[in-house]
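Chain residues, written in single-letter form:
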Amino acid sequence: MRKILLALSICCGLFAQAQESPIAIVPEPVSIVMPATAGRYLVSPASKIGLAGKGLENSADFFNEYLQKSFGYKLDVKSPGKKTDIILTLSRTSNPVSGAYTLSVDTKGITISGHDELGVFYGIQTLLQLIPTAETNHTLPTPFVNISDYPRFAYRGLMLDVGRHFFDVNFVKKYIDFLALHKMNYFHWHLTDDQGWRIEIKKYPKLTEKGAWRNGTIIGNYPGKGNDNTRSGGFYTQEEIKDIVKYAEKRYITIIPEIEMPGHASAAIAAYPELSCFPDEATKTYYFNPNSAWAGDSTGKQVQQIWGVCRDVFVPSENTFKFLEGVLDEVIALFPSKYIHVGGDECPKDNWKRSEFCQQLMKEKGLKDEHALQSYFIQRMEKYINSKGRSIIGWDEILEGGLAPNATVMSWRGEDGGIEAANSGHNVVMTPNTYVYFDYAQSKKEDSVVIGGYLPLDKVYNYEPLPTALPADKQKFILGAQANVWTEYMDNPSKVEYMIFPRMSALSEVLWSQKEKRSFANFQQKLPLQIKRYLLWGINYSKAFYEPQADGASVK
Ligand code: ACM
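Small disclaimer: the values here were computed from a predicted structure and weren't measured.

Criteria and thresholds
- Residues numbered from 1 in each chain as written.
- Predicted model: local features only at pLDDT ≥ 70, side-chain atom pairs only at ≥ 80, totals over all residues.
- Heavy atoms only, no water.
- 1 Å grid on protein atoms, 1.4 Å probe; cavity = no way out; pocket = protein on both sides within 12 Å on 5 of 7 lines; lining within 4 Å.
- Points joined across faces, edges and corners; volume = space filled by probe spheres on them.
- Nonpolar A, V, L, I, M, F, W, Y, C, P; charged D, E, K, R; others polar.
- Helix = DSSP H or I, 4+ residues; strand = E, 2+ residues; numbered from the N terminus.
- Buried < 20%, exposed > 50% of the residue type's maximum accessible area, 1.4 Å probe, protein only.
- Lys, Arg positive; Asp, Glu negative; His and termini not counted.
- Salt bridge = Lys/Arg side-chain N within 4 Å of Asp/Glu carboxyl O.
- Polar contact = N/O pair within 3.5 Å; in protein donor to acceptor, adjacent residues only side chain to side chain.
- Contact = heavy atoms within 4.5 Å.
- Core = buried A, V, L, I, M, F, W, Y, C linked by side-chain atoms within 4.5 Å.
- Axes fitted to C-alpha atoms, helices over the stretch in contact; angles between N-to-C directions.
- Parallel < 35°, antiparallel > 145°, perpendicular 65-115°, else oblique.
- Pairing = 2+ DSSP bridges.
- Disulfide = S-S within 2.5 Å.
- Expected span 1.5 Å × (residues − 1).
- Phe/Tyr/Trp six-rings, centres within 6.5 Å; stacked < 30°, edge-to-face > 60°.
- Lys NZ or Arg CZ within 6 Å of the ring centre and 35° of its normal.
- pLDDT = per-residue confidence, 0-100.

Caption draft 1: Up close: the layout of surface pockets. Within this model, the largest pocket holds a volume of roughly 360 Å³. Forming the walls of the largest pocket are 21 residues, and the residues nearest its centre are H165, T217, E488, M490 and D491. Classifying every residue of the lining of the largest pocket by side-chain character gives seven nonpolar, seven polar and seven charged.

Caption draft 2: Molecular detail of the side chain of D149. With respect to the secondary-structure elements, D149 resides in strand β9 (residues 145-149). Salt bridges are absent for the buried D149, whose nearest opposite-charge side chain, K183, sits at 4.4 Å. Of the polar contacts made by the side chain of D149, one reaches the side chain of Y101; its length is 2.6 Å. At 3.0 Å, the side chain of D149 forms a polar contact with the side chain of W512. Those residues in contact with D149 that sit more than four places away from it in its chain are E28, P29, V30, G99, A100, Y101, T126, K183 and W512.

Caption draft 3: Looking closely at the nonpolar core. Within the largest apolar cluster, 171 residues are counted, with the highest numbers of intra-cluster contacts made by Y175 and W189. At nine residues, the largest contribution of residues to this core is made by helix α4 (residues 169-181). Leaving out residues up to four positions away in the same chain, W189 has contacts with L160, V162, V172, Y236, I241, I244, I255, I256, P257, E258 and F335. Counting six residues, the second-largest nonpolar core is a separate cluster that includes I218, Y287, C310 and Y489.

Caption draft 4: Main features of the packing of helix α10 (residues 356-365) against helix α11 (residues 370-387). Interaxial distance between α10 and α11 falls to 11 Å at its minimum, and their mutual angle equals 80°. When the interaxial angle is binned, α10 and α11 end up roughly perpendicular. Taken together, the residues of α11 that come into contact with α10 (itself represented by C358, Q359, L361, M362 and K365) are E370, L373 and Y376. Its residues placed into classes, the contact of α10 with α11 shows five nonpolar, one polar and two charged.

Caption draft 5: Quick look at the sheet that holds strand β21 (residues 478-483). An order of β10-β11-β16-β17-β18-β19-β20-β21 is seen for the eight strands of this closed barrel, with the pairing classed as parallel. Put simply, the sheet's adjacent strands are angled 30° from each other on average, direction ignored. The pairing of strand β17 (residues 339-343) with strand β18 (residues 391-395) spans three bridges and is classified as parallel. Counterpart to I340 in the pairing with β18 is I392.

Caption draft 6: Just the sheet that holds strand β5 (residues 86-90), in detail. Taking strand neighbours across the sheet as the criterion, the seven strands line up as β1-β9-β6-β7-β5-β3-β4 in an open arrangement whose pairing is mixed. On the outer flanks of this sheet lie β1 (31-33) and β4 (76-78), each paired with one strand and no other. Adjacent strand axes in the sheet meet at a mean angle of 15°, parallel and antiparallel pairs treated alike. Summarising the sheet, β1 and β9 pair through three bridges and their orientation is antiparallel. Within β9, the residue paired with V33 across the bridge is N146. Of the strands in this sheet, β5, β6 (101-106), β7 (109-114) and β9 touch helix α3 (residues 117-130), which is tilted by about 40° from β6.

Caption draft 7: Up close: the state of the cysteines. As enumerated under the stated definition, the model contains zero disulfides in all. Left without a disulfide partner, C347 is nearest to the cysteine sulfur of C277, which lies 8.8 Å away.

Caption draft 8: Representation of α11 in the model. The end-to-end C-alpha separation of α11 is 26 Å, in line with the 26 Å expected for 18 residues at 1.5 Å each. Those residues of α11 that sit buried are E370, A372, L373, Q374, S375, Y376, F377, I378, M381, E382, Y384 and I385. Residues of α11 that are buried make contact with β16 (254-261), α8 (318-334), β17, α9 (350-354), α10 and β18. Where α11 begins, one side-chain oxygen reaches toward the backbone nitrogen of H371, 3.2 Å away; that side chain belongs to D369. Of the residues one or two after α11, G389 is the one with positive phi, at around 85°.

Caption draft 9: Region of the structure containing the packing of aromatic side chains. Tallying each qualifying case throughout the model produces 38 aromatic pairs. Each ring, one from F178 and one from W537, has its centre 6.5 Å from the other, and the planes form 25°; the classification is stacked. Highlighted residues: F178 in helix α4 and W537 in helix α17 (residues 520-537), separated in sequence by 359 residues. An identical accessibility class is assigned to F178 and W537; each is buried. Between Y534 and Y541 the ring centres are 5.6 Å apart and the planes differ by 45°, which places this aromatic pair in the tilted class. Side by side, Y534 and Y541 carry an identical accessibility label, which is buried. Above the ring of F278, the side-chain terminus of R354 is found at 4.0 Å from the ring centroid. The ring of Y435 carries K459 above its face, with NZ or CZ at 5.2 Å from the centroid.

Caption draft 10: Looking closely at the confidence of the model for the chain. The share of residues in the chain with pLDDT of 70 or more is 95%, and the mean pLDDT across the chain is 93. The secondary structure element of the chain with the lowest average pLDDT is helix α1 (residues 2-11), at 40, and the one with the highest is strand β11 (residues 186-190), at 99. Low confidence marks residues 1-20, where pLDDT is under 50. Its contacts with residues over four positions away, or in another chain, come to 19 contacts. The model gives residues 551-556 a pLDDT under 50, and that stretch makes 21 contacts with residues more than four places away or in other chains.

Rendered as structure tokens:
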């Protein structure tokens, strides 16, 4: 029946208006109470914001920037007085969780009261969804309501892979805004990979002179239908990174930088061949399928032009550790994050098996196999990172050969790695490919090139980060979850937006909203208004949820 109704609403072209509710907050708050007497407070260009507390300027600035972009004006900000329309204040809420807030709209105006600065910032995000997406007579009628809210999980993340395709500073900032608007708090920035090194390291300039650029890219899905023969790439200067870190801080978002090791290292090896087990061997221009086309020079070490898992990985030598420590010194100076991501995934052991140096090292260190060598590599880097007062986070392969102490695990190959890590007392961020890989198709008849897989909106929405297989006393180790945006098949910002929306909005409810408040039926009701917001933000999004699928059924 629901499918018939949905089909009807699509036929009539009404879905964007039909079931729109005046209050549609995403992610769903803990409590929304409508007063007995309905009404609206009119926000207008003459409205004033009052700040009653320290550190609330970030929240007022974010609100004003949104108004400026959307409606062309900003509001005056002052100390609260009789004529203040919107008051931002701090007070202990009944639920003492960082990020908790209450918001009320009545005849007198709008009050956002945060448990802390963060709470006020999240209250602002809710207010931005209470105001309409279009003005009425130069006003923004805002419904009377009382909202009380706080987050469910402490870690609410989204990753962006800028290694496969480079995205400029403006888009990275836009991406950070998407996180803020969804009350998310971790931006995992995947900065290095086989196809490009994206962060300026002053001690090792060739990383970006050579490692940030490739001579071509395969066309279409691996192994590709030819090569585009176009040089592409780019990197962030340290000044740009400082600017982005500051931008994120003003939005209460922590950036976790990722420097991949020991695998996915082709771009670094192209810059410094001595980081390979076999510095004199040319880069393989294909992995298993010899049909990939290559552009330009194929001698010596090259930045990769094809997608997949490359066997030329870091040699675990003193020289490599010294190099990585030099890189991390600069990374740590740029990023205040407690976590430094060391990758650790998809490191084929082929080269380590045939390297005399690696075999000798394993004997000397008493390492029983190459998995133990991977563990030795990661634990060594962990000690260095710990000595700088930071902690490592890595993909679930860091469990191989024994888990490094103090490590936080990102469980990506399903949930098992996360369950194993939590059972042994390690903190975990769930990022299972089965539920939160936003590079997977959202439609069964996707017509753009994507990596494969099928991850429709409701599957993301219904994801539960606390695995039922995990005993109750171990659930505290699950910090939250994160979606990953691998960009092999996303070569421009619009495609990234298309792949993340509306799935990111669904994920925000998984991470923020209380479990008992989550309802896909309710989310579906809110989606038309959320889509109007996307239009206001000027972004691309997928309509797959509203399309009939190849098998005749809707995506659901
Ligand atoms: C991964 O998707 N290789 C972490």
